[in-house]
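Coordinates in review
Residue-level listing of the chains:
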Amino acid sequence: MIYKIFPFLAWFKGYDAGKFKTDLLAGITVALVLIPQSMAYAQLAGLPPYYGLYAAFLPPMVASLFGSSRQLATGPVAVVSLMSAASLEPLATAGSAEFIAYSIVLAAVVGIFQFSLGVLRLGLVVNFLSHPVVNGFTNAAAIIIASSQFSKFFGVYVDKAPHHYETMVRVFQAAMDYTHITTLIYGIGAVAIMVILRKINPRIPNVLVAVAVTTAISYFTGYNKDVFVDISAIQVNGIQEQAAEFNAAVDEVKHLGAERAALGLKVDEELKNIKGKGHGTTSIELIKLKSEVEILSNRMEEAKSHASDIRGAIRKMKFEAVKDGGENYSFYPKGNVPAGVQTDGNTWRIRIGNSALDTAKVKVMGGGDVVGKIPEGLPKFTVPKLTLASFFKVLPMAVIISLLGFMEAIAIAKAMAAKTGQKLDPNQELIGQGLANMIGAVGSSYAVSGSFSRSAVNLQAGAVSGISSVVTSLMVVATLMFFTPLLYHLPQAVLAAVIMMAVIGLINVKGFAHAWKAQWYDGAISIICFVVTLYFAPHLDKGIMVGVALSMGVFLYKSMRPVVASLSMHEENVLKSAEYYRLKGCRHISVVRFDGALFFANASYLDEQVIKFRNEQPDLRYILLDARGINDMDASGEEALELLVERVRSAGLGFAMSGVKGQVMAVMQRTGLLNKIGQDSLYPDTEQAVKTIIKEIHTGSSGLPSGGCKDCPLTKYIPA
């Protein structure tokens, strides 16, 4: 019991200094990959980079302490980060304080759901996500994640569109207008470093090397050139009016949002009143409130669209800088610098986001974008503000993230366990992942899961126990405490390259072909899930939902239409499907095999198939139901079987069953069906039943019309 509550105690059986040294080196190695990756993934989740370090602090340690895998490396991962951002975009603006709060709440809800599944031993619920669905979704997510980094590669900034492919069109239009070449070189250079080092030796921490080299070059070459000026320093007619108009639109959005939130609370209150009074589901007041909410939503969309138009126009502006004798800058439209004035040769752009523009401190960029200042020290430890309303807001996506994240984690853990021989407990792993997300949320972490790449690094480094993950967490602590200033000049394009290189491994085209070869409908489901996920991105839940619905539909259809085969003798001297193997059947005796549970959804199907066999065989005298494939039977199935027996025997035909399983026999005994069929009409073995029935039918000893059957196909192999 102690080991179940504290599974990490089992690490120390036979643990020695040599194993600790191996774990120490493995933990340091994983940390060298985790630190830059976590910062990149945080931005993918719509958060400031340092929140990736917060997510890499507690979760790796907690997941290893309470999980069952000793080598699984937990922390920020690409797919979960993307899904976290996609699920929260409708609720708040990416990067805002409200968005960060929702991200932490989402992590807590994901943790609660995973922990609950583990405690209740419901790990099998992940089977609802079939492999074809996961393959289609993962391939689409990998493409979405990689392409979402193009804007950082080109050094351009665009507003997100309702669909991801529309956003990509905007990115390429902006890149065609202007690409920051130095930024592009940094991105391509980082990719080249990682690819080359990976080919030379996979053990080399290629991500860390790429980050260290590019950060050093960025620092010494002055890659980042940001200045803050008063808007009057920008020599463009109407720029101050545009800024004022933009700020007014942003303020209107904020004001309308606050009004809508207040009305939302009134809607909730009115719904409670209606339920309390028991007067139906609506009221005049509720209709009025909902109408007002809809009006405010439309006004917000108009204001957002107006702000977006102005923001797009300002982003397209390109300037040349003129510096006076001091530190003061003046910016002129590119190509319109007064004659005889010397510029610095750079192209400058105004950095404008979703918040109001501070006209006294306008940020103008003359270089590339870097990570910037990262707060030193550990995150604040606070319990997330999880209200009932916020819980239900994020619950639908939290369930999908929980299942998908756990599927990824358990798949990695199983692959490693196959190599190490370690025994895995999926429910214990759910508890570990759940606690990692819950406790991580207390330390300002967003949703995390097991990582393919870092787990592989951990295994290759020879990790023996979860001590390696504890060391990894301590390395992140050291980074937060002492080394964050070193990351200031890390180019954003390099973080984009890190993400792109990490998700390339998620693309698995062979998975589609493999699924199609197994069953064409599995391949079709995988492809449809892939296409739907791509089309509806960033609303990634649509792809998962469609995939699960199709998988369940196929399962129900197959359950409603199980295999009902007519058997005959095969050349291997065993009874097999006459249709599949093209065997001639006996015209007097039909041996029918039913494969699957006999329950309400398919109860009538057995009767339909037996009628079909009777119509195809006018000389039919006896039906033997081979029940070896019937592993369960409910009330509907029992009633259908009883009606079938009565119908067959009332038509003057014989009926018997063979190979009835214990659980089915128990149902027949309890309902009295066993007595109606007759003990003498039940056979333990199909082959023996066939021999007995052949003697009875072909000799006429049963009282049925005899006719003989020379060379009966049930005893001799006869091709159709």
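One structure accompanies this document, and this report is about it. In this text the structure is predicted, and so the values were computed from the model without any measurement. Residue positions are given per chain, counted from 1 along the sequence in the order it is written. The model is predicted, so local features are restricted to residues of pLDDT at least 70 and side-chain atom pairs to those at 80 or more, both for listing and for counting; the totals for chains, interfaces and linings are taken over all residues. Computation of side-chain values: all heavy atoms of the structure, hydrogens and water removed.

1. Re the overall build of the protein chain
Condition: Think of it this way: any DSSP run of H or I at least four residues long counts as a helix, any run of E at least two long counts as a strand, and we number them from the N terminus. As a reference, a globule follows 2.2 Å times the number of residues to the power 0.38, and the radius of gyration itself is taken over C-alpha atoms. Exposure is judged per residue with a 1.4 Å probe applied to protein chains only, and the accessible area is read against the type maximum: over 50% gives exposed, under 20% gives buried, and values in between give partly exposed. Any two residues whose heavy atoms approach within 4.5 Å are treated as being in contact. Here the accessible surface of atoms and residues is derived via Shrake-Rupley with a 1.4 Å probe, and residues count as covered only by protein chains that are part of the display. Positive charge is attributed to Lys and Arg, negative charge to Asp and Glu, and no charge count is given to His or to the chain ends. Every charge is mapped onto a representative atom, which is NZ of Lys, CZ of Arg, CG of Asp or CD of Glu.
Within the protein chain, the regular secondary structure consists of 27 helices and 13 strands. Against the compact-globule benchmark of 27 Å for 720 residues, the protein chain has a radius of gyration of 34 Å, which places it well outside the compact range. Evaluated residue by residue, the protein chain yields a buried proportion of 51% over its 720 residues. Partitioning the intrachain contacts of the protein chain with sequence separation of at least 6 by distance along the chain shows that 78% fall at a separation of at least 24. Of the roughly 34000 Å² of accessible surface on the protein chain, 61% is carried by carbon and sulfur atoms. Positive and negative side-chain charges of the protein chain, numbering 64 and 55 respectively, have mean locations separated by a distance of 7 Å.

2. Thoughts on the environment of Lys385
Secondary-structure assignment places Lys385 in the loop between strand S6 (362–365) and helix H14 (388–420). For Lys385, a relative accessible area of 76% corresponds to the exposed category. Each C-alpha atom of the pair Lys385 and Tyr102 lies 9.1 Å from the other, and the pair is 283 residues apart in sequence. Once you skip the residues sitting within four places of it in the chain, Lys385 turns out to touch Val105 and Ser390.

3. A few points about the sheet that holds strand S12 (residues 654–658)
As a reminder of what qualifies: For two strands to count as paired, DSSP must find a minimum of two bridges between them. All axes here are fitted lines through C-alpha atoms, helices being fitted over the stretch that makes contact, and every angle between N-to-C directions spans 0 to 180 degrees.
An order of S9-S8-S10-S11-S12-S13 is seen for the six strands of this open sheet, with the pairing classed as mixed. Edge positions in the sheet fall to strand S9 (575–577) and strand S13 (682–683), since each has one partner strand and no second. In terms of strand pairing, strand S8 (residues 563–569) meets strand S10 (residues 589–595) through five bridges, oriented antiparallel. Note that in S10 the partner of Val563 across the bridge is Asp595. Against the sheet, helix H23 (residues 603–616) makes contact with S8, S10 and strand S11 (622–626), and its axis sits at roughly 40 degrees relative to S8, the strand it touches most.

4. Examining a nonpolar patch on the surface
Short version of the rule: Patches were defined on residues exceeding 30% relative accessible area and lacking a salt bridge, with like-charge contacts within 9 Å and nonpolar side-chain contacts (Val, Leu, Ile, Met, Phe, Trp, Tyr) within 5 Å. Salt bridges are counted wherever a side-chain nitrogen of Lys or Arg sits within 4 Å of a carboxyl oxygen of Asp or Glu.
Together, Met1, Ile2, Tyr3, Ile5, Phe6, Leu9 and Phe12 make up a nonpolar patch on the protein surface, roughly 720 Å² of accessible area in all. By the secondary structure assignment, Phe12 is in the loop between helix H1 (2–5) and helix H2 (17–44). Overall, Phe12 belongs to the partly exposed group, its relative accessible area being 44%.

5. Section: the pairing of S8
With five of its seven residues buried, S8 lies for the most part within the structure. Of the strand pairs in this sheet, S8 and S9 are connected by three bridges, and their pairing is antiparallel. Pairing of Ser568 across the sheet is with Lys576, part of S9. Hairpin connection, S8 to S9: the antiparallel pair is bridged by five residues, and Asn573 has positive phi, about 70 degrees.

6. Side note on the packing of helix H5 (residues 78–88) against H14
Just so we agree on the cut-off: Angular relationships are summarised with four words: roughly parallel below 35 degrees, roughly antiparallel beyond 145, roughly perpendicular across 65 to 115, and oblique for the angles in between. Each residue receives one of three labels: charged for Asp, Glu, Lys and Arg, nonpolar for Ala, Val, Leu, Ile, Met, Phe, Trp, Tyr, Cys and Pro, and polar for the others, Gly being one of them.
Running from N to C, H5 and H14 point in directions that differ by 170 degrees, and their axes come no closer than 10 Å. Our classification of the angle between H5 and H14 gives roughly antiparallel. In this structure, H5 uses Val79, Val80, Met83, Ser84, Ser87 and Leu88 to contact H14, whose residues at the interface are Val394, Met397, Ile400, Ile401, Leu404 and Gly405. The residue makeup of the contact of H5 with H14, split by class, is nine nonpolar, three polar and no charged.

By themselves these figures say nothing about function.
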